[in-house]
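Summary of the model geometry
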Amino acid sequence: MANSVAVRMHGISKYFGDVVANKGVDLTVYKGEILAILGENGSGKTTLMNMLAGIYFPDEGEIAINGNPVTIRSPRDAFHVGIGMVHQHFKLVDIFTAVDNVILGEEPPRFSVKESVRAIREKASAPRYVIDNDDAEAPVKTVRDCDTRAGRFKVAVKAAAQPLVKLAKNIKFNWLSAGSGARVVELAEKYGFEFDPKKKVYDMSVSEKQTVEIIKVLYRGAEILILDEPTAVLTPQETERLFGVIRNMRNDGKSIIIITHKLNEVMAVSDRVAVLRKGEYIGAIRTAEATVSKLTEMMVGHKTELNIRRAEPQGLEERLVVNGLSLVNHEGVQKLKDVSFTARSGEILGIAGIAGSGQRELLEAIAGLQRPDSGSITYNDPNTGKEENLMRKSPAKIRELGVRLSFVPEDRLGMGLVGNMDIIDNMMLRSYKKSIPVKLDKTHTMNIPLVLDRKRPKQLAERIIKELEVVTPSSHTPVRRLSGGNIQKVLVGREIAAAPTVLMAAYPVRGLDINSSYTIYRLLNEQKENGVAVIYVGEDLDVLVELCDRIMVICGGKVTGILDGRNTTKEEIGLYMTDSAEKKEEVADGIA
């Protein structure tokens, strides 16, 4: 490697109680390169970079920047050595403009009124020498400004004026800062950003907010940039533009570190890949010499099959019909606008869209957790052949019909699971109201509530732990003691085990490792083959294209298109996700 070393981390370890987040990690980053940090969830990628960015302090190890040992105890320390980090969750002030956010935090020149007054008085007390031509015997005189009434008055006036001087300096600084827009725009143009300096943050897309965050760290002189999951919520078009900017920064000599788990993006943009597994450094490889299978093996420790089997839909029947659905949330914001679609048994209907486009509200409305303002939701019951209006039913009644919602939000314990209850009790949450007939003698039976029957829930818990490889001491372990990924496995496994006729799975693999993710995909396909209508909300467009039979795209609460999963591309989906004019031009070009 011809380039000089920008960052060298040696023997870095970090512990959180008994949990080992990183252990003895050695990592080298060169100037003018794009390094991808790859690893499964929980492998220690973000923790390692948080230590480089000053958010955490390593318990063991050393860090050197440009060959010089450094101690980084805070983000301020990191900035001083040229390191800037852009986090997944942006730290912007919504009511400020782009430029305001970029220059926010710049410090005005230091000015102390007290010290300034002291300096004025010291100067007035200091002797000065003057020549008196009228005094031939002692022409050289020693004078002090404070010795005369006029001098003392002058000193007093200057001292009294110092608070106004400080105010004037601050006003001048703020005026100069207000003129910083030209410098910020120049920086944006240098690297190829699309940047509107006067646009308010609350009017920005996710991609535009990310642009502001990156320019913020560049404006402060960062030579080493850390990007944490930078493409997590971007469309393919926005991702490609970001990659172009990253390459421009690399060509300018910047060192770029990308934390990610998306193998295709690693192969597309990085120069080298460093792999972590369970907090330990496994190795680094040049991207040109890497393959997806090789990187996967490094991540998980063994060869893994990454193909999603998609069978042709069989026995298609309309199971759920949504027509003209509109919903305004409690804050008065319209989240759904005239949404119409049909979910059919024996197929997987994918839902794609930028985060916050109404996916959650749509699924919660179907499950009875939110009340739409208009429209209809009709369920065709395969057992009775009747049409059921779900708009008039409670969540419990909807679940009894077989419509199941497996929603996995960022706060996994916020919906569906109780943290202080063990895995067995969480299995019982879906069945405790039911009862089973128990024979007392030859002529008498009694309905015993299932809450008293722990045998079936325990069997279900043990099966989920085995099939989904839930890491837990036992089925009696409180759910809150499990990792986020294992909590997710428990939640998804329970909903799938309920044998639904409509299964709505929102972000079911968020936080899961590769093996567990493909297990979930397999389970969803099994549900499809069993005649279940599966609605799958996902973030990874590659998976949506590979897994789903049809893909409905939502933008701003509206359905912008329903595409054939076998014939579409993630680029086409990305255009529908933004509902842009560019999409209409491409469609027109295709017709022509």
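Residues numbered from 1 in each chain as written. Predicted model: local features only at pLDDT ≥ 70, side-chain atom pairs only at ≥ 80, totals over all residues. Heavy atoms only, no water.

Remarks on the nonpolar core
Ranked by size, the top nonpolar core spans 44 residues in total, and within it Ile423, Ile520, Leu524, Tyr536, Leu547, Ile551 and Ile573 carry the most contacts. Once residues within four sequence positions are removed from consideration, Ile573 is found in contact with Ala352, Leu541, Val545, Ile551, Val553, Leu563 and Thr568. Formed by 33 residues, the second largest nonpolar core is a distinct cluster that contains Leu187, Phe193, Val201 and Ile258. (Core = buried A, V, L, I, M, F, W, Y, C linked by side-chain atoms within 4.5 Å. Buried < 20%, exposed > 50% of the residue type's maximum accessible area, 1.4 Å probe, protein only. Contact = heavy atoms within 4.5 Å.)

Examining the pairing of strand 13 (residues 318–328)
Relative to strand 14 (residues 334–344), strand 13 runs antiparallel, the two being bridged by seven bridges. Each residue of the ladder has a partner; that of Leu320, found in strand 14, is Ala343. Between strand 13 and strand 14, which pair antiparallel in sequence order, lie five residues; one of them, Gly332, sits at a positive phi of approximately 85 degrees. Here strand 13 runs beside strand 16 (residues 374–380); their pairing, made up of five bridges, is antiparallel. Residue pairing in the sheet places Asn323 in a bridge with Ser376 of strand 16. (Pairing = 2+ DSSP bridges. Helix = DSSP H or I, 4+ residues; strand = E, 2+ residues; numbered from the N terminus.)

Section: the side chain of Thr501
Secondary-structure assignment places Thr501 in the loop between helix 15 (484–497) and strand 21 (502–506). Note on Thr501: relative accessible area 18%, which makes it buried. Contact partners of Thr501, with chain neighbours within four places excluded, come to Arg319, Tyr379, Pro382, Leu401, Gly402, Val403, Val532 and Ala533.

Comments concerning helix 16 (residues 514–529)
The terminal C-alpha atoms of helix 16 lie 23 Å apart, and with 16 residues this matches the ideal 22 Å at 1.5 Å per residue to within 8%. When we look at burial in helix 16, the residues that qualify are Ile514, Ser516, Ser517, Thr519, Ile520, Tyr521, Leu523, Leu524, Asn525, Gln527 and Lys528. (Expected span 1.5 Å × (residues − 1).)

A short note on the side chain of Asn50
As for its position among the elements, Asn50 is in helix 1 (residues 45–52). On the basis of relative accessibility, which here comes to 8%, the residue Asn50 falls in the buried class.

Note that all results are geometric; they support no functional claim without further evidence.
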